[in-house]
Amino acid sequence: MSRLIAIALAVLYLFTGSAFGSEIREHFLPNGLKIVTVENHKSPVVTFQVWYKVGSRNEITGRTGISHLLEHMMFKGTPKYGKGEYSGIVARNGGNENAFTSQDYTAYFQNISSDRLEISFDLESDRMVNLLLDPNEFMLERDVVKEERRLRTEDDPVSSLIEELYAAAFKIHPYHSPIIGWMTDLDNLSREDTYNYYKTYYRPDNATIVVVGDFNTEDLINKIGHYFGGIPKGEPMRDVKISEDDQKGERRFLYKREAQLPYVIYGYHAPNYKDRDHYALELLNNILSGGKSSRLYQNIVYSKQIALTAGGGFTPVQTDPELFYFYAQLKPDRTTEEAEAALKEEIERIKREPVSTRELQKARNQIEASFIMGQDSVFYQAMLIGQLETTGAGAKYLESYIDEIRQVTPEDIMRVANKYFMDDNRTVGVLVPLPQKQ
């Protein structure tokens, strides 16, 4: 498609993200490629990101890890740019680049001087459609990923425990499997599997380009249309529509392996951004586990001195509902029973007693400060928009985010705690250290 036709047919939508503090613009090319832009002229730099709506959530049994392996292969060359040239070109022009894979998406980015931005258009449009997937390079990279799994998961007791937690908590949904994949699946992945996966999911109508920084939007859209507008959209894709059934009782497992210290982790099924309860859960997460002044750290680490560290986590910006988790890594002379009793004490307390006005305001302030301070970084802004776009929340989520956080009451927090922190909704993992083999 010629540049002029692409420009003429591009559809422009515009809205202002008042809470975000910058004007966010959305554009669509006729081939379905979505472009989200935020101009920020504080410095002559741009972050350019391509987000594909494919991650471990899209994988099937026997082929876990294929999204992440394909991410690795995207740096192995096309007929136009050979192995390693992508990174070399960006580096020689003063930029940096990388990629990452999650449960819901795979993304590629370059941070580069604004007068070199066209380099990103050329590189990313090329590998969106022309990846070589050389068979020899595939076998080498598959071994690299297997080694990555050994180092990051199998040699790390806590990472392995978390992997077991998700496998126990999700029986049906693909969140059951790790992003990096099970080792047996990695052993069996073929170059053909990966090539077919690439052709299925790497296409303009399954991608969102996010650009934040020093540029002129109209000029940017014209150039993106020139580079990406001629890439055809694909055949209609079948969406993943698998929901996890309600848990009918506590699941509990012991994980025995060589390790130094016991570790306890609780996971509760919790809603994603589609349910307004997630605003109250975000504040609850901050109150219970937001740093060393949080309730869990103060009670379990400082006061009772049961654990070396304690905390939790909750990520509502997910395509499907995820886990709200709590953890404690024990001191050598304390028991997992003591840690569980302390965790339950804090969970039951927040179900029984409304949080104080001061505690709630502190949590609001911390969330708002993190949100606003993050806007100093063009990279962070683009990351936030990319996550929202690829998980389905959309960048407009940012317009009301702070207002929604401000409206949460102590009664809301107590209500969501009682709704989701039920014994029957809990999966418990306990790491039992075994002595090191001689």
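Anything mentioned here points back to the structure above.
Residues numbered from 1 in each chain as written. Predicted model: local features only at pLDDT ≥ 70, side-chain atom pairs only at ≥ 80, totals over all residues. Heavy atoms only, no water.

**Things to note about the overall build of the protein chain**
To be explicit about the condition: Going along the chain from the N terminus, every DSSP run of H or I of four or more residues is numbered as a helix, and every run of E of two or more is numbered as a strand. Our radius of gyration is a C-alpha quantity, and the globule rule it is checked against amounts to 2.2 Å times the number of residues to the power 0.38. Burial classes: relative accessible area under 20% of the type maximum marks a residue as buried, over 50% as exposed, and values in between as partly exposed (1.4 Å probe, protein chains only). Should any heavy atoms of two residues lie within 4.5 Å, those residues are considered in contact. Only the protein chains shown count as cover for residues, and all accessible areas are computed by the Shrake-Rupley method using a 1.4 Å probe. Charge assignment in this entry is limited to Lys and Arg as positive and Asp and Glu as negative, and neither His nor the chain termini are counted. A charged residue contributes its charge at one atom only: NZ of Lys, CZ of Arg, CG of Asp or CD of Glu.
Across its full length, the protein chain carries 16 helices and 12 strands. The C-alpha radius of gyration computed for the protein chain amounts to 23 Å, which stays within 12% of the reference 22 Å derived for 438 residues, consistent with globular compactness. The principal-axis extent of the C-alpha atoms belonging to the protein chain is close to 65 × 55 × 40 Å. Expressed as a percentage of its 438 residues, the buried residues of the protein chain come to 56%. For the protein chain, the share of sequence-separated contacts (at least 6 apart) that also reach a separation of at least 24 residues comes to 80%. Roughly 19,500 Å² of accessible area belongs to the protein chain as shown, and the carbon and sulfur atoms make up 50% of that amount. Separation of charge centres in the protein chain, based on 51 positive and 63 negative side chains, amounts to 2 Å.

**Some words on the side chain of E404**
Position of E404 relative to the elements: it lies in helix α15 (residues 397–407). You can call E404 buried: its relative accessible area is 15%.

**Some points on the packing of helix α11 (residues 295–303) against helix α12 (residues 336–352)**
To be explicit about the condition: Every axis in this analysis is a line fitted to C-alpha atoms, fitted for helices over the stretch in contact. Angles between the N-to-C directions lie between 0 and 180 degrees. Note on convention: near helix rotated counterclockwise from far helix by under a right angle means a left-handed crossing. Clockwise means right-handed. Residue type decides the class: Asp, Glu, Lys and Arg count as charged, Ala, Val, Leu, Ile, Met, Phe, Trp, Tyr, Cys and Pro as nonpolar, and the leftover types, Gly among them, as polar.
Relative orientation of the contacting elements α11 and α12 amounts to 145°, with a least axis distance of 10 Å. The two elements α11 and α12 meet at a crossing, and its hand is right-handed. Contacts from R295, L296, N299 and I300 of α11 reach α12 at A342, L343, E345, E346, R349 and I350. Of the residues that constitute the contact of α11 with α12, the class distribution is 5 nonpolar, 1 polar and 4 charged.

**Some remarks on the packing of helix α3 (residues 85–92) against helix α4 (residues 117–129)**
Note the threshold: Each angle gets one of four labels, with under 35 degrees taken as roughly parallel, over 145 as roughly antiparallel, 65 to 115 as roughly perpendicular, and the rest as oblique.
Where α3 meets α4, the closest approach of the two axes is 11 Å, and the angle between their N-to-C directions is 175°. Judged by the angle between their axes, α3 and α4 are roughly antiparallel. Contacts from Y86, I89 and V90 in α3 reach I119, L123, D126 and R127 in α4.

**Description of the sheet that holds strand β9 (residues 263–270)**
What counts here: For two strands to count as paired, DSSP must find a minimum of two bridges between them.
Taken in spatial order, the 5 strands of this open sheet run β8-β12-β9-β11-β10, and their pairing is mixed. Only two strands of the sheet have a single neighbouring strand rather than two, namely β8 (251–258) and β10 (307–313). For this sheet, the mean inter-axis angle between neighbouring strands, taken without regard to orientation, is 15°. Two elements, β8 and strand β12 (residues 426–434), share 8 bridges in a ladder whose sense is parallel. Within β12, the position partnered with K256 by the bridge is V432. The sheet contacts of helix α6 (residues 157–169) involve β8, β9, β11 (322–330) and β12, and relative to β8 the element is tilted by about 155°.

**Here's the deal with unusual backbone geometry**
One non-glycine residue, L133, lies in the positive phi region at around 55°. Considering the arrangement of structural elements, one finds L133 in the loop between α4 and α5 (135–154). Look at L133 and you get buried, because its relative accessible area is 2%. If you check the backbone angles, Q305 has positive phi at about 50° while not being a glycine. Note on placement: Q305 falls in the loop between α11 and β10. We classify Q305 as partly exposed; its relative accessible area is 43%.

**Quick notes on the packing of aromatic side chains**
Under the convention used in this document: To pair, rings of Phe, Tyr and Trp, with the six-membered ring standing in for Trp, must have centres within 6.5 Å; the planes then decide the type, stacked if under 30 degrees apart, edge-to-face if over 60, and tilted in the middle.
Within this structure, the stated rule accounts for 30 aromatic pairs. Ring plane angle 85° and centroid distance 6.4 Å describe the contact between F100 and Y105, whose orientation is recorded as edge-to-face. A residue is classified by how much of its surface remains accessible, and Y105, at 11% relative accessible area, is buried. Seen from their ring centres, Y268 and F326 are 6.2 Å apart, and the 75° between their planes marks the pair as edge-to-face. Taken together, the positions of Y268 in strand β9 and F326 in strand β11 put the pair 58 residues apart, joining distant regions of the chain.

**Considerations on the pattern of salt bridges**
Basically, it comes down to this: Salt bridges, as used here, are contacts in which a Lys or Arg side-chain nitrogen is within 4 Å of a carboxyl oxygen on Asp or Glu.
On inspection of all chains with the given rule, the structure shows 35 salt bridges. Here R426 and E250 are joined by a salt bridge, their closest N and O atoms 2.8 Å apart. In this pair, R426 sits in strand β12 while E250 sits in the loop between α9 (217–228) and β8, placing the two residues 176 residues apart along the sequence. Since its relative accessible area comes to 4%, R426 is described here as buried. Looking at E250, the relative accessible area reads 33%, which means it is partly exposed. We note a salt bridge from K304 to E345, for which the minimum N-O separation is 3.2 Å. Here E345 lies in helix α12 and K304 lies in the loop between α11 and β10, a separation of 41 residues in the sequence. For E345, a relative accessible area of 39% translates into the label partly exposed. What you see here is one network of salt bridges that share partners, running through E250, R252, E340, D423 and R426.

**A look at the nonpolar core**
Definition in use: Here, the term nonpolar core denotes a set of buried Ala, Val, Leu, Ile, Met, Phe, Trp, Tyr and Cys residues that are joined through side-chain atoms within 4.5 Å.
Counting residues in each nonpolar core, the largest one holds 64 residues, and the members touching the most others are L284, F326, I413 and F421. It is helix α10 (residues 277–289) that contributes the most residues to this core, 7 residues altogether. One finds V50, V145, Y197 and Y198 within the second-largest nonpolar core, a separate group that totals 47 residues.

**A closer look at helix α14 (residues 378–391)**
Note the threshold: Between the first and last residue of a helix there are one fewer steps than residues, each counted as 1.5 Å, and that sum is the expected span. Polar contact is defined as a pair of N or O atoms within 3.5 Å, subject to the rule that within protein one atom must be able to donate a hydrogen and the other to accept it, and that residues adjacent in sequence are counted only when both atoms are side-chain atoms.
Look at α14: 20 Å from first C-alpha to last across 14 residues, which is about the 20 Å you get at 1.5 Å a residue. Burial runs high along α14: 11 of the 14 residues are buried. Along α14, the positions that sit buried rather than exposed are V378, Q381, A382, M383, L384, I385, G386, L388, E389, T390 and T391. The distance from a side-chain oxygen at the start of α14 to the backbone nitrogen of F379 is 3.3 Å, and the residue carrying that oxygen is S377. Phi turns positive one or two residues past the end of α14, at G392, with a value near 100°.

Treat this as a map of the structure, not an account of what it does.
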